[in-house]
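# Architecture and fold: a report
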Amino acid sequence: MRCPHCRHETRERARFCGACGASLESSVACPRCTAINPRGQKFCDACGESLSSVGSSPARDARAYTPRYLVDRILTTRGALEGERKQVTVLFADLVDSMRLAERLGAEEWHRVLDRIFEIFSAGIHRFEGTINQFTGDGVMALFGAPVAHEDHARRACHAALSAMDELHAYAGTLRARGIELSVRMGINSGEVVVGKIGDDLRMDYTAQGHCVGLAARMEQLAAPGTVLLTESTARLVEGFFALADVGSRIMKGVSAEIRTFELRGIGSRRTRLDGSGLRGLSRLIGRQTELTWLDGILARAMESNGQVVGVIGEAGVGKSRLCLEFIQRCRARGVATHEVHCPSHGATVPWLAMRDLMRGYLGLAPDAAADSVRRSVEQQLLALDAGFANAVPLVLEILGVAASGHPPERTAPQAATFMRRFFRLQSMSRPGVLFLDDAHWMDRASEELVQVIAASVRGTPTLLLANFRPEYKPAWIGGSHYHQLALAPLGEEASRELLRDLLGSDDSLGELSARILERTGGSPFFTEEVVTALAASGSLLGERGAYRLATPVETLALPATVQALLSARIDRLGERAKDLLQVASVIGKQFDEPLLQEVSGLGDRHDLDAALGTLQDEEFFRLVTLSPRPEYAFKHPLVREAAYSSQLGERRARVHAAVATALEKLRSDRLGEYASLIAHHWEASGMRFEAARWKRRAALKVANIKVGIRGLRPRRTLPPDGG
């Protein structure tokens, strides 16, 4: 059994925990929210769940209901995930009045109904790469963002909830014909959890931070039958992407402030963060005139029936989509036809999703068009374009998702490639223009194969294929004399200041705050906007965009949840060794040398160290600052270091800080006076106050000696405490 206090594994009949000494007889962990309750309570005092079933039924084997590809991803990355803080979204779902239903149906029939309901829950959750952490008797608890990290975890949870609710409504309709009323309710909350041990059976132990799990459970209990309730923290993350209804604030037991709640009604109007219908609107494009002029030149060449392909590449948040959107708007203003395809991150596992979007655009099909209407329109348009397309109608309907056959993409790939090659050239010759692929790094594989066909087919047509993607994406369709790549760098200092002035304004109270934001966001337009938005939401800034004033002193700039989720997902895509090295480096500081990194990380094998460092440079986490006398590296972006540092548990950070202090004493033994302050900082961060005081005294003596003129080595500049 596991200690409910420290999570230490103990023998089954133990009365006290062997790690922390806590009594194992005086408390019990809630099966739903994991809160610790006194032994003997009938219900959890955090979420209201019944405690009578604790330990009475065996846990389901997660491998039996988790798709194979998710199992593989979890097991191959679990070592790098265990013992980390994660931004996640928690979803609770259960049946309403299940005891009455069970009594009426009888054990055998109730078992069949419950299995079908769990099947629907599982399909909806796994479709959006969520994981079922536990079954709660007549419902499930699912997590999005861990153990598989996603920067859009809140949106995935909402998509999963709506998808499952639609299926459940349909199933309830079949039962209603037999006089059986079935209804489900769901609750969703977003926040921070701590990832514990992940076993071979995929069982995961999560400890809630800030009542994250408990609040999700409370949302589910408050939800009316057939509805989904969200907390405000989730609503902020999905605003505009989903239709929400504010249902007021609720008082929650154990929470000091009222919790504002929202009902999830359906899909919203926004498709991307930069959608023109976004509630916050778009900031003015700054510092990208050179890139726009370059794109104009490529477009002019393409319009001369000399088709071109352009890849805009850059890190997350650097402004790829914003630049491309500005260019597309300029094209439309000039009368150039444009077609847009936006690839959501959850679409990577949905075959044909990107190509479906493209075909709907080319054929002018409304998103909500009925299947029969789509079939008629497709047949008419294809035959009008080319009478030889008669045999291609079923294939196009397959791509559009309105065919009944449901053939896998692998079976139809050759026919799809042949069709797309001819269809695209006919379309391009009759309607020249720009085809834009946004966030191509999230494209599904079946669509990517057809994009490769399109990219090869633009030659000799008045078409520009424009795509943006992140550096780690290496599509097969790049290359050739008609391919051009635009590497988008962060904004320069002056452009960053101009953007910040547009966002904040020029009130005298903002001077110091502006400088701190510029230093932390490192020229990333997205990070800059998110930090300002977070400050306004917290009440630190009053006024409106472009005319803010500082209301309260800002002691620390908290990492916005949106930025933290984006960076965490990027970090989690690293291999285990590279990720571990990144986290060690984040404790050392903003800048570090190779011998120190090797000493602290424990990577004695030179090959392993070089491989991990190479990966971190290739993926643009580190940059080489100095090659000799010893290689020195720095984090390419300040917020990456902060995300890597904050994701680690305090216990691990303390151990690494102590290791850094010890390594500095060893490697800087000839210049300890210079490094005394830095060594003191790391000892203090490790919790070793005596050692910290000793080195602080030595640092003070060094300063005193310098003041009275005692000669010594000229002190080199060391990093401030927050830089390690």
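Above this text sits the structure in question.
A few words now on the overall build of the chain. Across its full length, the chain carries 24 helices and 20 strands. Looking at the chain as a whole, 51% of its 724 residues qualify as buried. For the chain, the share of sequence-separated contacts (at least 6 apart) that also reach a separation of at least 24 residues comes to 69%. Accessible area of the chain: about 33,000 Å², with a carbon and sulfur share of 51%.

What follows is about empty space enclosed by the protein. Regions of empty space are outlined by a rolling probe, equal in size to a water molecule, passed over the atoms. Taken as a whole and assessed by the stated rule, the structure comprises 6 cavities of 30 Å³ or more. If you trace the largest cavity, you find 15 residues lining it, with Arg284, Leu285, Arg322, Pro525 and Glu529 closest to the centre. No other element matches helix 16 (residues 525-538), which puts 3 residues into the lining of the largest cavity. Tallied by class, the residues present in the lining of the largest cavity amount to 8 nonpolar, 2 polar and 5 charged. Empty space within the second largest cavity amounts to approximately 90 Å³. Lining the second largest cavity are 13 residues; nearest its centre among them are Glu315, Ala316, Ser524, Phe527 and His637. Per-element tally for the lining of the second largest cavity: the top contributor is helix 17 (residues 561-572), with 3 residues. Taken together, the residues of the lining of the second largest cavity break down into 7 nonpolar, 4 polar and 2 charged.

On to the sheet that holds strand 14 (residues 463-469), then. An order of 12-13-14-11-15 is seen for the 5 strands of this open sheet, with the pairing classed as parallel. Where the open sheet ends on each side, the last strands, each with one partner, are strand 12 (337-342) and strand 15 (483-487). For this sheet, the mean inter-axis angle between neighbouring strands, taken without regard to orientation, is 15 degrees. Judged from the 5 bridges that link them, strand 11 (residues 308-313) and strand 15 form a sheet pairing that is parallel. Bridge pairing links Val310 to His484 in strand 15.

Once that is clear, we can look at the pattern of salt bridges. Where side chains of opposite charge bring their charged atoms close, a pairing between them can arise. Enumeration according to the criterion identifies 44 salt bridges in this entry. Across the pair Glu493 and Arg497 runs a salt bridge, and its minimum N-O distance is 3.0 Å. Residue Glu493 and its partner Arg497 are both found in helix 14 (residues 493-504); the two are separated by 4 residues, about one turn of the helix. In this structure Arg497 comes out as partly exposed when scored by relative accessible area, which is 36%. Between Glu494 and Arg501 there is a salt bridge, with its nearest N and O atoms 3.6 Å apart. What you see here is one network of salt bridges that share partners, running through Glu108, Glu109, Arg112 and Arg178.

How each quantity is defined
- Residues numbered from 1 in each chain as written.
- Predicted model: local features only at pLDDT ≥ 70, side-chain atom pairs only at ≥ 80, totals over all residues.
- Heavy atoms only, no water.
- Helix = DSSP H or I, 4+ residues; strand = E, 2+ residues; numbered from the N terminus.
- Buried < 20%, exposed > 50% of the residue type's maximum accessible area, 1.4 Å probe, protein only.
- Contact = heavy atoms within 4.5 Å.
- Areas by Shrake-Rupley, 256 points an atom, 1.4 Å probe, with all protein chains shown as cover.
- 1 Å grid on protein atoms, 1.4 Å probe; cavity = no way out; pocket = protein on both sides within 12 Å on 5 of 7 lines; lining within 4 Å.
- Points joined across faces, edges and corners; volume = space filled by probe spheres on them.
- Nonpolar A, V, L, I, M, F, W, Y, C, P; charged D, E, K, R; others polar.
- Pairing = 2+ DSSP bridges.
- Axes fitted to C-alpha atoms, helices over the stretch in contact; angles between N-to-C directions.
- Salt bridge = Lys/Arg side-chain N within 4 Å of Asp/Glu carboxyl O.

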